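Examination of the molecular architecture
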Amino acid sequence: MLSSRVTLFCLACAGASAAPYARWSRLLPAWIRVCPLERPGRGARANEAHIEDYHSLVGVLADDIMRDHSQSYALFGHSLGALLAYGCAHRLRQLGARSPSALLIAGSAAPAHRDDAYLAELSSDAQVIDELRRQGGTPEEVFADPDMLRLTVDTAAADFAACASFRPFAALPLTVPIYVYSGRADTLT
């Protein structure tokens, strides 16, 4: 399936930076080059504006992948990152780029079964904060620090808007192997 060296582009969940994926390099075999894809508005791209439109965000990320010039690559995404990895695979095919060797998806419903309409209704900071608390994963220290909370709310709100703006690609089904992962306690199917 994969050549002797493969680049694994990693896309994080809503509200998160891709930086933690850099640690994967220590855990994976040397023939896998881990390349975290940072979305605008966070991490090394904090000075860039957030992108709230799904297809625009996919376009930016697909351009990042194409600039890498990897001969063999795979896409991994978790939650929103899974939806973005799916979109990148479609966008790269539209651009005539080399297809990924695999699409690895975790913690996300299938694109045809997503129900993110409620995210479009999160119009206030309080609603975004309530959603962050409902989803879990945000440390209490973030909620207690006004500066960290502002950064987190802005980032999460942009990501929630991107999820809410998702529309399926009008294209043929993907022809790459798709591997789907879930946790034992995940409620998504």
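The following paragraphs examine the structure supplied in this document.

Reading the values: the criteria
Residues numbered from 1 in each chain as written. Predicted model: local features only at pLDDT ≥ 70, side-chain atom pairs only at ≥ 80, totals over all residues. Heavy atoms only, no water. Pairing = 2+ DSSP bridges. Helix = DSSP H or I, 4+ residues; strand = E, 2+ residues; numbered from the N terminus. Axes fitted to C-alpha atoms, helices over the stretch in contact; angles between N-to-C directions. Contact = heavy atoms within 4.5 Å. Parallel < 35°, antiparallel > 145°, perpendicular 65-115°, else oblique. Left-handed = near helix turned anticlockwise from the far one by under 90°. 1 Å grid on protein atoms, 1.4 Å probe; cavity = no way out; pocket = protein on both sides within 12 Å on 5 of 7 lines; lining within 4 Å. Points joined across faces, edges and corners; volume = space filled by probe spheres on them. Nonpolar A, V, L, I, M, F, W, Y, C, P; charged D, E, K, R; others polar. Buried < 20%, exposed > 50% of the residue type's maximum accessible area, 1.4 Å probe, protein only. Salt bridge = Lys/Arg side-chain N within 4 Å of Asp/Glu carboxyl O.

In spatial order, the strands read β2-β1-β3-β4-β5; together these 5 strands make up an open sheet with parallel pairing. Each having just a single partner strand, β2 (32-36) and β5 (178-181) make up the two edges of the open sheet. For this sheet the average axis-to-axis angle between neighbouring strands, irrespective of direction, equals 20 degrees. Each of β1 (6-11), β2 and β3 (73-78) touches helix α2 (residues 54-68); the most contacted strand, β1, lies at about 160 degrees to it. Helix α3 (residues 80-94) rests against β1, β3 and β4 (102-106) of the sheet, and its axis sits at about 145 degrees to β3.

Our next topic: the packing of α2 against α3. For the pair α2 and α3, the least separation of the axes is 9 Å and the interaxial angle reads 70 degrees. Accordingly, the angle class assigned to the pair α2 and α3 is roughly perpendicular. In this structure, the crossing between α2 and α3 has a hand that is right-handed. Counted together, Tyr54, Leu57, Val58, Leu61, Ala62, Ile65 and Met66 of α2 and Leu83, Leu84, Tyr86, Gly87, Cys88, Arg91 and Leu92 of α3 form the full contact between these two elements.

Attention shifts here to empty space enclosed by the protein. The rolling of a water-molecule-sized probe over the atoms marks out the regions of remaining empty space. Counted by the stated rule, this structure contains 1 cavity of 30 Å³ or more. The space that makes up the largest cavity amounts to roughly 40 Å³. What lines the largest cavity is simply Ala89, Arg93, Ser99, Pro100, Leu174, Thr175 and Val176. In terms of residue class, the lining of the largest cavity is made up of 4 nonpolar, 2 polar and 1 charged.

As a further point, take the environment of Arg26. With respect to the helices, strands and loops of the structure, Arg26 is situated in helix α1 (residues 24-27). Under the relative-accessibility criterion, Arg26 is labelled exposed at 68%. Sequence separation between Arg26 and Pro139 is 113 residues; the distance between their C-alpha atoms is 25 Å.

This model, assessed by the stated rule, comprises 10 salt bridges. Across the salt bridge formed by Asp68 and Arg33, the nearest N and O atoms sit 2.6 Å from each other. Here Asp68, found in helix α2, pairs with Arg33, found in strand β2; they are 35 residues apart in sequence, far enough to count as distant. Its relative accessible area of 28% is what places Arg33 among the partly exposed residues. The shortest N-O distance in the salt bridge between Asp159 and Arg39 comes to 3.0 Å. Highlighted residues: Asp159 in helix α6 (residues 146-164) and Arg39 in the loop between β2 and α2, separated in sequence by 120 residues. Put simply, Arg45, Glu48, Asp64 and Arg67 are held in one network by salt bridges that share partners.

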